Amino acid sequence: MSTHTAPDGTSVRIVQPPNRLKSKVGRGSPTLPPTVPPTFRALVHASAAAYSRHLDDQLHALRALSTGGGAAAAETIFAIAHQIRGEARTFGFGHVGNTAESLCAFIEAGGPERARGGAVVTLHVDTMVALKADGGDSGAQALLDGLARAVRHVLSPERA
């Protein structure tokens, strides 16, 4: 919940009720469970190279939107990040998916409209590009922790 002042000077509290669907379906796509039939697992692995190229295209689009799209691009950035969040883990890009999830949460919290919010969006995109290029886990948690600090700083600078 947050408090804002309306243009007429009255105080307005904005309440965001919990999203009950998230508790039912989880947050993003998980990795393939061991119970997945081998033929489906083989199909997913065969599709991984095509997804990697698709992810490159999505990250390129995000980079273009984050550097020149302004606040109006936030909806499109959210849509692309939401798609990445849902797909990346399935195809072996777990940390990219985690970063996309952080970006979605930041946008949902109104981060892009705040001071330095655009820089945090760009930081998320640059982190996804770096994590995809790295292909491994080296340093991923440190990058995700740094993003979390940047998000906290922009959303609540008094508590960061």
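For the structure itself, look to the data block above.
Reference entry: report on the structure contained in this document.

## A few points about the packing of aromatic side chains
- By the definition in use, this model includes two aromatic pairs.
- Relative to Phe93, the ring of Tyr51 has its centre 6.0 Å away and its plane inclined at 45 degrees; by these criteria the two rings are tilted. With a gap of 42 residues between them, Tyr51 in helix H2 (residues 38-68) and Phe93 in the loop between helix H3 (74-87) and helix H4 (94-108) connect regions that are remote in the sequence. With respect to class, Tyr51 is no different from Phe93; both count as buried.
- Among the aromatic residues, ring-to-ring pairing joins Tyr51, Phe91 and Phe93 into one connected group.

## Side note on the packing of H4 against helix H5 (residues 117-134)
- One way to put it is that H4 packs onto H5 with a least axis distance of 9 Å and a crossing angle of 170 degrees. The pairing of H4 with H5 is recorded here as roughly antiparallel in orientation. Where H4 approaches H5, its residues His95, Val96, Thr99, Ala100, Ser102, Leu103 and Phe106 are matched on the opposing element by Gly117, Val120, Val121, His124, Thr127, Met128, Leu131 and Lys132.
- Tallied by class, the residues present in the contact of H4 with H5 amount to eight nonpolar, six polar and one charged.

## Comments concerning the side chain of His124
- Mapped onto the secondary structure, His124 falls in helix H5.
- A distance of 2.8 Å separates the side chain of His124 from the backbone oxygen of Val120, its partner in a polar contact.
- When residues no more than four places from it in sequence are discounted, the contact partners of His124 are Thr99, Ser102, Leu103, Leu147 and Val151.

## Some points on the environment of Arg63
- With respect to the secondary-structure elements, Arg63 resides in helix H2.
- Separated by 61 residues in sequence, Arg63 and His124 have C-alpha atoms that sit 9.6 Å apart.
- Here Arg63 is in contact with Val125, Asp126 and Val129, once residues within four sequence places are set aside.

## Some points on the nonpolar core
- Counting 26 residues, the largest nonpolar core has Leu55, Leu62, Ile77, Ile84, Val96, Leu103 and Met128 as the members making the most contacts within it.
- Within the residue set of this core, elements represented by two or more residues are H2, H3, H4, H5 and helix H6 (140-155).
- For this core, the element with the most residues is H4, which contributes six residues.
- If we skip the residues at most four places from it in the chain, Val96 touches Leu55, Ile84, Ala88, Met128, Leu131 and Lys132.

## Focus: the packing of H5 against H6
- At a closest axis distance of 10 Å, the pairing of H5 and H6 adopts a crossing angle of 170 degrees. The orientation of H5 relative to H6 falls into the category roughly antiparallel. Between H5 and H6, the contacting residues are Gly117, Val120, Leu123, His124, Thr127 and Leu131 on the first element and Ala140, Leu143, Leu147, Ala150, Val151 and Val154 on the second.
- Residue composition of the contact of H5 with H6, by class: nine nonpolar, three polar and no charged.

## Description of H6
- The end-to-end C-alpha distance of H6, which contains 16 residues, comes to 23 Å, matching closely the 22 Å that a straight helix rising 1.5 Å per residue would cover.
- Along H6, the residues classified as buried are Ala140, Leu144, Leu147, Ala150, Val151 and Val154. The arc enclosing the buried residues of H6, seen along the axis, measures out at 120 degrees, which places them on a common side.
- On its buried face, H6 is in contact with H4 and H5.

What counts, and at which threshold
Residues numbered from 1 in each chain as written. Predicted model: local features only at pLDDT ≥ 70, side-chain atom pairs only at ≥ 80, totals over all residues. Heavy atoms only, no water. Phe/Tyr/Trp six-rings, centres within 6.5 Å; stacked < 30°, edge-to-face > 60°. Helix = DSSP H or I, 4+ residues; strand = E, 2+ residues; numbered from the N terminus. Buried < 20%, exposed > 50% of the residue type's maximum accessible area, 1.4 Å probe, protein only. Axes fitted to C-alpha atoms, helices over the stretch in contact; angles between N-to-C directions. Parallel < 35°, antiparallel > 145°, perpendicular 65-115°, else oblique. Contact = heavy atoms within 4.5 Å. Nonpolar A, V, L, I, M, F, W, Y, C, P; charged D, E, K, R; others polar. Polar contact = N/O pair within 3.5 Å; in protein donor to acceptor, adjacent residues only side chain to side chain. Core = buried A, V, L, I, M, F, W, Y, C linked by side-chain atoms within 4.5 Å. Expected span 1.5 Å × (residues − 1). Arc of directions from axis to C-beta.

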